[in-house]
Amino acid sequence: MGTLKWIQQWYFEQCDDDWEHQFGICIETLDNPGWSVKISIENTDVKDKTFENINIERNETYWIHCKIDYDKEGNDSQFFGNGGPMNLGEILDTFKLWVEK
């Protein structure tokens, strides 16, 4: 299954008439340019799973930084991924590989 379909399926599996009202997935652009991905993992099977931060700097347009942290209020565990303008797929693949590991 491709990563986009997998992400859609993962999101759908989390929806239980409660989770989706508080948590979710956010994909935005950055102004440097690049991508920002935030995926809520609160109340999921991977909430307490270990994640080793990723910081890959290939050049100023090909890079990714991924980590698990809390939202600004300190309530919601999230996967945070940022990357260059051509690295959105790599960020989503990183999340997928971690969840499936």
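The structure presented is a predicted model; accordingly, all values stated were derived computationally and were not measured.

Engineer: Summarise the confidence of the model for the protein chain; cite the residues concerned and give the values.
Structural biologist: Looking at the protein chain, pLDDT values average 94 and 100% of them are 70 or higher. The least confident element of the protein chain, judged by mean pLDDT, is helix α2 (residues 19-22) at 93; the most confident is helix α3 (residues 88-100) at 98.

Engineer: Please provide a residue-by-residue account of the side chain of Gln 14, values included.
Structural biologist: With respect to the helices and strands, the residue Gln 14 is situated in helix α1 (residues 3-14). Of the residues examined, Gln 14 reaches a relative accessible area of 14% and is grouped as buried. What Gln 14 contacts, discounting residues up to four positions off in sequence, is Trp 19, Glu 20 and Thr 44.

Engineer: Would you mind going over the pairing of strand β5 (residues 77-83) in detail, with residue names and values included?
Structural biologist: Among the 7 residues in β5, 6 count as buried, and that is most of the element. Sheet topology places strand β2 (residues 34-40) next to β5; 6 bridges connect them, and they run antiparallel. Residue Ser 36 lies in a different strand from β5, and its bridge partner there is Asn 82. Note: strand β4 (residues 63-70) against β5, 7 bridges, orientation antiparallel. From the neighbouring strand, His 65 faces β5, where its bridge partner is Asn 82.

Engineer: Please set out the sheet that holds β5 residue by residue, giving values where relevant.
Structural biologist: The antiparallel open sheet is built from 5 strands, whose spatial order is β1-β2-β5-β4-β3. Looking along the sheet, the strands with just one partner apiece sit at the ends: β1 (25-30) and β3 (54-57). For this sheet, the mean inter-axis angle between neighbouring strands, taken without regard to orientation, is 15°. Judged from the 4 bridges that link them, β3 and β4 form a sheet pairing that is antiparallel. By the bridge assignment, Asn 55 is partnered in β4 with His 65.

The rules we used
Per-chain numbering applies: the sequence of each chain, read as written, is numbered from 1 onward. Residue-level local features of this predicted model are given only where pLDDT is at least 70; pairs of side-chain atoms are given and counted only at 80 or more, and the full residue set underlies all totals for whole chains, interfaces and linings. Working from all heavy atoms in the structure, the side-chain values ignore hydrogens and water. pLDDT expresses, on a scale from 0 to 100, how confident the predictor is about each individual residue. Think of it this way: any DSSP run of H or I at least four residues long counts as a helix, any run of E at least two long counts as a strand, and we number them from the N terminus. Only protein chains enter the accessibility calculation, which uses a 1.4 Å probe. A residue is then buried if its area is under 20% of the maximum for its type, exposed if over 50%, and partly exposed in between. Residue contacts are defined here by distance: any two heavy atoms, one from each residue, within 4.5 Å place the two residues in contact. Two strands qualify as a pair provided DSSP detects at least 2 bridges between them. In this analysis an axis means a line fitted to C-alpha atoms, helices contributing only their contacting stretch, and an angle means the value between N-to-C directions, from 0 to 180 degrees.

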